[in-house]
Amino acid sequence: MSSEIIQVILADDHKLVLEGLQSILQDEDDIKVMAAVTDGAQLLEALRQHPADVVVLDIQMPFADGLNCLEEIRRDGPPTKVLVLSAFSDGETIQSALELGADGFALKTEPPEQTISSIRQVYHGSLVFPQAAKRWLFSRRASNERQQELSEREWEVLELVAQGLTNAQIGEKLFVSDNTVKFHLQNIYQKLGVSNRTEATSYFFKHHRPPRSDR
């Protein structure tokens, strides 16, 4: 097991949620809660005192809500991952979190084990969103002109990358070789101006893929 410790700050104005998170995380050997706060002002102060690897952030909080805090965190530029933990799964909330640079979005209605897994995933650089959010994001039409540069097959590859599939799994799904998948990925990276799978996935979720036309 890795000796690496993920330093976490929790921010939620519901004390029961906060206490519940602290309780489940204290049993995890690779996660340490550095601070637990109930409003946005406390969160920003806690971050100044205890630079954290991951912030688990509620949307609705007094003094500064979660989205305002997220914007402030990104403006200050610390290398902190932000996992939004919310009871709201509507498209606008998810979209706002994405646009402000959230690294993941988890729902309070999900099992605690899912939240723990999401903390680890965002820490290691994965973009994490619940299935309900992915369905909503996938259904949205594209508005960014750069999307027109991608071919239909490149969009298929990008969508599968965003779903977390490996090159081998993508190849199996599309009935092509690993080298063909790598070729498509190189073209996608170049066209979108990104350098890795995480950045490509972030682009996909932010700008969405146009629905496939009926064949």
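Everything that follows concerns the structure shown earlier in this document.
Being a predicted model, the structure only gives us computed values, none of them experimental.

### A short note on the sheet that holds strand β1 (residues 6–11)
Consideration 1: Judged by pairing direction, the sheet is parallel, and its 5 strands sit side by side in the order β2-β1-β3-β4-β5 without closing on themselves. Both edges of this open sheet fall to β2 (31–37) and β5 (104–107), since each of them pairs with a single strand only. Averaged over all pairs of adjacent strands, the angle between strand axes in this sheet comes to 25°, irrespective of strand direction.
Consideration 2: Across 4 bridges, strand β3 (residues 54–57) lies against strand β4 (residues 81–86) in parallel orientation. Directly across from Val56, in β4, lies its bridge partner Leu83.
Consideration 3: Helix-sheet contacts for helix α5 (residues 112–123) involve β1, β2, β3, β4 and β5, and the interaxial angle to β4 is about 155°.

### Considering the pairing of β1
Consideration 1: With 5 of 6 residues buried, β1 is to be regarded as a mostly interior element.
Consideration 2: By the bridge criterion, 6 bridges tie β1 to β2 in an arrangement that is parallel. Note on β2: the bridge partner recorded for Gln7 is Lys32.
Consideration 3: The handedness of the β1 to β2 crossover, carried by helix α1 (residues 15–25), is right-handed.
Consideration 4: With 4 bridges joining them, β1 and β3 adopt parallel strand pairing. Pairing of Ala11 across the sheet is with Leu57, part of β3.

### Comments concerning the packing of aromatic side chains
Consideration 1: Inspection of the entire model under this criterion finds 2 aromatic pairs.
Consideration 2: Relative to Phe205, the ring of Phe204 lies with its centre 5.9 Å away and its plane at 65°, an arrangement referred to as edge-to-face.
Consideration 3: Taking relative accessible area as the criterion, Phe204 reaches 1% and is therefore assigned buried.
Consideration 4: Take Phe205: its relative accessible area is 0%, and that puts it in the buried class.
Consideration 5: A connected cluster of aromatic rings, assembled from ring pairs, spans Trp155, Phe204 and Phe205.

### So, the layout of surface pockets
Consideration 1: Of the pockets and cavities examined, the largest pocket occupies roughly 340 Å³.
Consideration 2: As for the largest pocket, its lining consists of 21 residues, and the residues nearest its centre are Gln121, Ser126, Leu127, Ala162 and Gly164.
Consideration 3: Listed by contribution, the elements that provide at least two residues to the lining of the largest pocket are β5, α5, α6 (131–139), α7 (152–162) and α10 (197–207).
Consideration 4: Its residues assigned to classes, the lining of the largest pocket shows 9 nonpolar, 9 polar and 3 charged.
Consideration 5: Here the second largest pocket defines a volume of roughly 220 Å³.
Consideration 6: What lines the second largest pocket is a set of 16 residues, among which Lys81, Gly101, Ala102, Asp103 and Leu127 lie closest to the centre.
Consideration 7: Element by element, the count of residues in the lining of the second largest pocket is highest for α10, at 4 residues.

### Observations concerning the pattern of salt bridges
Consideration 1: A full pass over the atoms with the stated rule returns 10 salt bridges.
Consideration 2: With a shortest N-O distance of 2.7 Å, Asp30 and Arg120 are connected by a salt bridge. Linking Asp30 in the loop between α1 and β2 with Arg120 in helix α5, this pair joins segments that are 90 residues apart in sequence.
Consideration 3: The partner of Lys108 in a salt bridge is Asp58, with the nearest N and O atoms 3.3 Å apart.

### Examining helix α3 (residues 66–76)
Consideration 1: Turning to α3, its buried residues number three or more, namely Gly66, Leu67, Cys69, Leu70 and Ile73. What you see down the axis of α3 is that its buried residues fit within an arc of 160°, all on one side. Facing away from the buried side of α3 by more than 90 degrees, the exposed set consists of Arg75 and Asp76.
Consideration 2: The residue sitting at the N-terminus of α3 and contributing the capping side-chain oxygen is Asp65; that oxygen lies 3.2 Å from the backbone nitrogen of Leu67.

Thresholds, definitions, all that
Residues numbered from 1 in each chain as written. Predicted model: local features only at pLDDT ≥ 70, side-chain atom pairs only at ≥ 80, totals over all residues. Heavy atoms only, no water. Pairing = 2+ DSSP bridges. Helix = DSSP H or I, 4+ residues; strand = E, 2+ residues; numbered from the N terminus. Axes fitted to C-alpha atoms, helices over the stretch in contact; angles between N-to-C directions. Contact = heavy atoms within 4.5 Å. Buried < 20%, exposed > 50% of the residue type's maximum accessible area, 1.4 Å probe, protein only. Right-handed = clockwise from strand over helix to strand, strands pointing away. Phe/Tyr/Trp six-rings, centres within 6.5 Å; stacked < 30°, edge-to-face > 60°. 1 Å grid on protein atoms, 1.4 Å probe; cavity = no way out; pocket = protein on both sides within 12 Å on 5 of 7 lines; lining within 4 Å. Points joined across faces, edges and corners; volume = space filled by probe spheres on them. Nonpolar A, V, L, I, M, F, W, Y, C, P; charged D, E, K, R; others polar. Salt bridge = Lys/Arg side-chain N within 4 Å of Asp/Glu carboxyl O. Arc of directions from axis to C-beta. Polar contact = N/O pair within 3.5 Å; in protein donor to acceptor, adjacent residues only side chain to side chain.

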